[in-house]
Amino acid sequence: MTITKHRHKVIVHCAKAGILWQGLRHDLSKYTPTEFFRGVKYYSDGKKSPNEKERQIYGYSLAWLHHKGRNKHHFEYWNDYNPDIRQRCGVKMPIKYVKEMFCDRIAASKIYQKENYTDSHPLEYFMGGKPRRTLIHPETSDLLEKWLIMLSEQGEEKTFEEIRKTKSY
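Residues numbered from 1 in each chain as written. Predicted model: local features only at pLDDT ≥ 70, side-chain atom pairs only at ≥ 80, totals over all residues. Heavy atoms only, no water.

Taken as a whole and assessed by the stated rule, the structure comprises seven salt bridges. Notably, a salt bridge pairs D27 with K30, separated by 3.3 Å at the nearest N-O pair. We note a salt bridge from E54 to R38, for which the minimum N-O separation is 3.0 Å. Of the two residues, E54 is situated in helix α4 (residues 50–58) and R38 in helix α3 (residues 33–41); the sequence distance between them amounts to 16 residues. Note on E54: relative accessible area 3%, which makes it buried. Shared partners join several salt bridges into a network, and the residues in it are K16, K110 and E156. (Salt bridge = Lys/Arg side-chain N within 4 Å of Asp/Glu carboxyl O. Helix = DSSP H or I, 4+ residues; strand = E, 2+ residues; numbered from the N terminus. Buried < 20%, exposed > 50% of the residue type's maximum accessible area, 1.4 Å probe, protein only.)

Structure below.
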């Protein structure tokens, strides 16, 4: 129920962002056996991801590894080896996936915060993890943060209007 409610909110937000087709395909991998059965097995209270419980037990989450490798709206999908520095690093995400990531974050905040949701929650969550978020490309991070700040300060209507105007590539 939680993933379906979340997915439906993402679809609504993607429509507002002008990327309805992406919204309709959003997170379909969560219904595959690798992700779905682990989600059921490690579900706790609906306030945190079952992936956290799986990580506590095994030191990794097979469901998350599967998910991030198939869903381009996660910045973790956009990590690659850079031969110049001999390290894995973030690759700049195409804007259409940054738009979907924005929609995903709002929907997740609404699902987990329920009636306590405010337009500042997605920004607060993003900023809380920023110091540890090393594998996101700086331009991707800056664009997402800009839209989250705008959401917090100006609300959904103006933010989605701005996002629709932003050309995807």
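Here L62 lies in helix α5 (residues 62–68). Residue L62 is classed as partly exposed on the basis of its relative accessible area, which comes to 34%. With eleven residues separating them in the primary sequence, L62 and N51 have C-alpha atoms 8.2 Å apart. Aside from chain neighbours lying at most four places away, what touches L62 is T34, R38 and E54. (Contact = heavy atoms within 4.5 Å.)

On to the pairing of strand β1 (residues 79–82). On any regular strand, side chains alternate: one points to one face of the sheet, the next to the other face. The pairing of β1 with strand β2 (residues 87–90) spans four bridges and is classified as antiparallel. Within β2, the position partnered with D80 by the bridge is C89. Where β1 folds back onto β2 in an antiparallel hairpin, the turn is made up of four residues, including R86, whose phi is positive at roughly 55°. (Pairing = 2+ DSSP bridges.)

Next up on the list: the packing of helix α7 (residues 121–129) against helix α8 (residues 138–154). Put simply, α7 and α8 touch, their axes get as near as 8 Å, and they point 145° apart. As for how α7 packs across α8, the hand of that crossing is left-handed. In this structure, α7 contributes P122, L123, F126 and M127 to the contact, and α8 contributes S141, L144, E145, L148, I149, L151 and S152. Along the lines of polarity and charge, the residues of the contact of α7 with α8 split into eight nonpolar, two polar and one charged. (Axes fitted to C-alpha atoms, helices over the stretch in contact; angles between N-to-C directions. Left-handed = near helix turned anticlockwise from the far one by under 90°. Nonpolar A, V, L, I, M, F, W, Y, C, P; charged D, E, K, R; others polar.)

What follows concerns α7. If you check which residues of α7 are buried, you get H121, P122, L123, F126 and G129. Buried residues belonging to α7 abut α6 (95–113) and α8.

Turning our attention to a nonpolar patch on the surface. Among the surface-exposed residues, L28, Y31, F36, F37 and V40 lie close enough to one another that they form a single nonpolar patch of about 490 Å² accessible area. Its place among the elements puts F36 in helix α3. Owing to a relative accessible area of 33%, F36 belongs among the partly exposed residues under this scheme. (Patch = residues over 30% accessible without salt bridge, like charges linked within 9 Å, V, L, I, M, F, W, Y side chains within 5 Å. Areas by Shrake-Rupley, 256 points an atom, 1.4 Å probe, with all protein chains shown as cover.)

Let's shift gears to the packing of aromatic side chains. Summed over all chains, the structure comprises seven aromatic pairs. Look at Y42 and Y58: their rings are 6.4 Å apart centre to centre, the planes differ by 80°, and that puts the pair in the edge-to-face class. Separated by 16 residues along the polypeptide, Y42 in the loop between α3 and α4 and Y58 in helix α4 bring together distant segments of the chain. Looking at Y42, the relative accessible area reads 7%, which means it is buried. Using a relative accessible area of 44% as the deciding quantity, one classes Y58 as partly exposed. (Phe/Tyr/Trp six-rings, centres within 6.5 Å; stacked < 30°, edge-to-face > 60°.)

Distances and angles like these do not, on their own, reveal function.
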